[in-house]
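Structural characterization, general
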Amino acid sequence: MLDNFPRGTICIEDIEMGMSRHLRKVVTDRDIELFAEVSTDRNPVHLDESYAQDTIFHGRIAHGMLTAGLISAVIGEQLPGHGTVYLGQTLKFIAPVRPGDRVTATVTVIDIDHSKRRVTLACDCTVDGKKVLVGEAKVLAPSRKFD
């Protein structure tokens, strides 16, 4: 994975509107197999090339939630980072992610409620500059007051 910033914590007191973080990851066959094992989602569109060839995708695709998990990684590791609590997430899957695709997952601060330590983040994933997933996350950010 290639992160644009070090992993750690950005406390609510330091979060600013427009702040953004991202990571890049190539989705591998092993990632898809491991996700299928952990999630128990063994849909053949993810695992069986022969089956997947006869679908609207004309080949295997990664689980949508595997791609969405990259958003979770940015939130949990970079912005706000360690100590963040997920409150909610919306997702819209726009295009498939295939084995070998390099996904860039990005989150951007679009609203901050300092009194409640709540942050709203615009989220997207792209492959070759094309959006494959968009959404919005609401999180409870860590605070120096509680350390």
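Before reading on, note that the structure itself is shown above.
What comes next concerns the included structure. (Residues numbered from 1 in each chain as written. Predicted model: local features only at pLDDT ≥ 70, side-chain atom pairs only at ≥ 80, totals over all residues. Heavy atoms only, no water.)

**Topic: the pairing of strand β4 (residues 102-113)**
The line we're drawing: When DSSP locates at least two bridges between a pair of strands, those strands are taken to pair. Helix and strand assignments follow DSSP, with helices taken as H or I runs no shorter than four residues and strands as E runs no shorter than two, numbered in order from the N terminus.
In this sheet, β4 lies alongside strand β2 (residues 20-26) in antiparallel orientation, the contact comprising seven bridges. The residue of β4 that forms the bridge with H22 is T106. Hairpin connection of β4 to strand β5 (residues 118-127): four residues between the antiparallel strands, including R117 at a positive phi of 60°.

**Regarding the pairing of β5**
Inclusion rule: Working definition: with a 1.4 Å probe on protein chains only, accessible area under 20% of the residue-type maximum means buried, over 50% means exposed, and in between means partly exposed.
Counting buried positions along β5 yields eight of 10 residues, so the element is predominantly enclosed. Pairing of β4 with β5 involves 10 bridges; the strand directions are antiparallel. Bridge pairing in β5 links I112 to V119. As paired strands, β5 and strand β6 (residues 130-140) are joined by 10 bridges and run antiparallel to one another. By the bridge assignment for β6, V119 is matched with V139. Hairpin geometry of β5 and β6 is characterised by an intervening segment of two residues between the two adjacent antiparallel strands and by a positive phi of about 55° at D128.

**Comments concerning the side chain of D31**
What counts, and what does not: Counted as a polar contact is a pair of N or O atoms within 3.5 Å, where, for protein atoms, one must be capable of donating a hydrogen and the other of accepting one, and residues adjacent in sequence contribute only when both atoms are in side chains. We call two residues in contact when some of their heavy atoms are within 4.5 Å.
Locating D31 in the fold gives a position in helix α1 (residues 29-39). Take D31: its relative accessible area is 17%, and that puts it in the buried class. Separated by 2.9 Å, the side chain of D31 and the backbone nitrogen of T28 make a polar contact. Other than its neighbours up to four places away in sequence, D31 contacts K25, V26 and L66.

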